Amino acid sequence: MELIFGLGFGAIFLFFWLGMFLVIIGGSIFWMWMLIDCAMKEPSEGNDKLIWILVIILTHFVGGILYYFIRRPERIKLYGR
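Everything in this summary refers to the structure shown in the same document. Every value quoted in this text rests on a predicted model; they were computed, and no experiment measured them.

## Some words on the environment of G63
Okay, so step 1: Within the fold, G63 resides in helix 2 (residues 48–79).
Okay, so step 2: For G63, a relative accessible area of 0% puts it in the buried group.
Okay, so step 3: Taking the C-alpha atoms as reference points, G63 and W31, separated by 32 residues in sequence, lie 7.9 Å from one another.
Okay, so step 4: Apart from residues no more than four positions distant in its own chain, G63 is found in contact with V55 and I56.

Here is the structure:
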């Protein structure tokens, strides 16, 4: 039985898992990038650096997104790095 574009269940199943694999790998690479960016470039004033590292580690991809959109632009604007 053909479902979508002439593909059967096996092909759809394969594309689904291939897509999930790419999303997981991409999310992990983004997470590592944000963790390294925070650890290397965040100034060590107060507990901000430690708190952001813990947020990124404990919430994985969501923490990386939060850091990327909330703290990183502010840090770049204030410190230029």
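Here the narrative resumes.
## Digging into helix 1 (residues 9–41)
Okay, so step 1: With 33 residues, helix 1 should cover 48 Å at 1.5 Å per step; its first-to-last C-alpha distance of 47 Å lies within 8% of that length.
Okay, so step 2: G27, F30, W31, M34, L35, D37 and C38 are the residues of helix 1 that are buried.
Okay, so step 3: Where the residues of helix 1 are buried, they touch helix 2.

## Observations regarding the nonpolar core
Okay, so step 1: Formed by F30, W31, M34, L35, C38, W52, I53, I56 and Y67, the largest nonpolar core amounts to nine residues.
Okay, so step 2: Apart from the residues lying within four places of it in its own chain, the contact partners of W52 are C38, L66, Y67, I70 and R71.

## Describing the side chain of R71
Okay, so step 1: Counting through the fold element by element, R71 comes out in helix 2.
Okay, so step 2: On the accessibility criterion, R71 (9% relative accessible area) is buried.
Okay, so step 3: Ignoring sequence-local partners within four residues, the contact set of R71 consists of E42, P43, W52, L66 and Y79.

## Overview of the pattern of salt bridges
Okay, so step 1: Counted by the stated rule, this structure contains five salt bridges.
Okay, so step 2: Of the charged contacts in the structure, one is a salt bridge between K41 and D37, with a shortest N-O distance of 3.8 Å. Taken together, the residues span about one helical turn, with K41 and D37 both in helix 1 at a distance of four residues.
Okay, so step 3: The exposure class of K41 is partly exposed, given its relative accessible area of 37%.
Okay, so step 4: Among the salt bridges present, the one from E74 reaches R71, with a minimum N-O distance of 3.2 Å. Placement of the pair is E74 and R71 together in helix 2, with a separation of three residues, close to one helical turn.
Okay, so step 5: Connected through salt bridges with shared partners, the residues D37, K41, R72 and R75 form a single ionic network.

Rules used in this analysis
Residues numbered from 1 in each chain as written. Predicted model: local features only at pLDDT ≥ 70, side-chain atom pairs only at ≥ 80, totals over all residues. Heavy atoms only, no water. Helix = DSSP H or I, 4+ residues; strand = E, 2+ residues; numbered from the N terminus. Buried < 20%, exposed > 50% of the residue type's maximum accessible area, 1.4 Å probe, protein only. Contact = heavy atoms within 4.5 Å. Expected span 1.5 Å × (residues − 1). Core = buried A, V, L, I, M, F, W, Y, C linked by side-chain atoms within 4.5 Å. Salt bridge = Lys/Arg side-chain N within 4 Å of Asp/Glu carboxyl O.

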